[in-house]
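Given next are the chains, with one letter for each unit.
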Amino acid sequence: MPMAMVSIKDVAAHAGVSPGTVSNVLNRPGKVAPATRERVEAAISELGFVRHGSASTLRAGHSRTIGLSVIDIGNPFFTEVAAGVEDVASELGYAVILGNSAGSQDKEERNLRVLAEHRVRGVLITPSGEDPGRLDRLRENGISVVLVDHPAHRPDQCAVAVDDVAGGRAAVAHLLARGARSVAYVTGPMTIRQCVERCEGARAAMRAAGLDPAGLRVAEAATMTARAGEKAAADLIADGLPEAVFCANDLLALGVLRALLRSGVRVPEEVALIGYDDIDFAAASTVSLSSMRQPTYQLGRIATELLLDECDNPDTHAHQHIMFQPELVARESTA
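Here's what I pulled together on the structure shown here. Just so we're clear, the structure is a prediction, and the values are computed from it rather than from any experiment. (Residues numbered from 1 in each chain as written. Predicted model: local features only at pLDDT ≥ 70, side-chain atom pairs only at ≥ 80, totals over all residues. Heavy atoms only, no water.)

### Description of the pattern of salt bridges
- Inspection of the entire model under this criterion finds 19 salt bridges.
- Linking Arg154 and Asp156 is a salt bridge whose minimum nitrogen-to-oxygen distance equals 2.8 Å.
- A salt bridge links Asp164 to Arg198; the nearest nitrogen and oxygen atoms lie 2.7 Å apart. Here Asp164, found in helix 8 (residues 164–177), pairs with Arg198, found in helix 9 (residues 193–208); they are 34 residues apart in sequence, far enough to count as distant. Take Asp164 and Arg198: they sit in the same class, and that class is buried. (Salt bridge = Lys/Arg side-chain N within 4 Å of Asp/Glu carboxyl O. Helix = DSSP H or I, 4+ residues; strand = E, 2+ residues; numbered from the N terminus. Buried < 20%, exposed > 50% of the residue type's maximum accessible area, 1.4 Å probe, protein only.)

Listed below in structure tokens is the structure:
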């Protein structure tokens, strides 16, 4: 059943409760027994029910808003992407509702449900997982979706991404070219596609240099923050430092750099270090950080242009898969 046609009465019948109970689950969930609430929420999910937003939006049939869902708004990478999104949206008379999933698929699901309730025209999303069902439900409700910093695996889907395998390969090839033979990869959760693909690229660079890719030391952190990078560096120091470290983003790399310098390790003389994203802080750190630059602002701009073209010109819109190549920026940390 299409989402727009599912009513509270439909949900109530499916869950075996009254429409009033469904209303309480939506608006006053604390008043409903947990078992009943779970049954109603399951019915909402199974039927794809979306409650109505404002009356003015419903009268217009759509709103002048779009949604942006990212996995870590605390990362300057996504802040810059959001700036590109907001600039284009503002130029074309749209407002942006921002959601931060923090890498949680459950939180992402809740955020997408809220966006659907507000009847946004479209959603830009860096998904926290590979489950396409959540995005399919948006499309069934007439909401266009464009992937940001994530490739599409279907022809009926726009996507703007960066080649992370190529980025990981270039980063480690740069470390190997300066003489390093032992390399550690400090990464966030390997459930994140970007972390996995950058690791694939790193191993490909080692293989191309005649080294065993299994020799890449992988230090997986729970978060991609400077604090997590510091802890990872402490573990590397305790276990024996490699000659070079590649970090899956610049925040991790800045944390690694801070921990190395605090321990008296000279960068790059003893350990070469490279990050990823080339955020503003990379060039301004105590030892300027080499990094793989991504066109972050352009990612946001182009993705938004594609989304609004799909929203406003559905009959002539052509889906596009745009893949940027990252750029090596060499600084003092690998000099």
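### Quick look at the environment of His153
- Mapped onto the elements, His153 comes out in the loop between strand 4 (144–148) and strand 5 (158–162).
- Judged by relative accessible area, which is 67%, His153 ranks as exposed.
- Put simply, His153 and Arg121 are 32 residues apart on the chain and 23 Å apart in space, counted from C-alpha to C-alpha.

### A look at the packing of aromatic side chains
- Scanning the entire structure with this criterion turns up 3 aromatic pairs.
- When the centroid spacing of 4.9 Å and the interplanar angle of 85° are considered together, the rings of Phe77 and Phe78 count as edge-to-face. Each member of the pair, Phe77 as well as Phe78, is classed as buried.
- Taking the centre distance of 6.3 Å and the plane angle of 45° together, the rings of Phe246 and Tyr276 count as tilted. Of this pair, Phe246 sits in strand 8 (residues 244–247) while Tyr276 sits in strand 9 (residues 272–277), placing them 30 residues apart in sequence.
- The exposure class assigned to Tyr276 is buried, which follows from its relative accessible area of 0%.
- Every member of this aromatic cluster is reached through a ring pair, and the members are Tyr185, Phe246 and Tyr276.
- The lysine or arginine in question, Arg64, covers the ring of Tyr94, its NZ or CZ lying 4.0 Å from the ring centre. (Phe/Tyr/Trp six-rings, centres within 6.5 Å; stacked < 30°, edge-to-face > 60°. Lys NZ or Arg CZ within 6 Å of the ring centre and 35° of its normal.)

That's the geometry; what it means functionally is another story.
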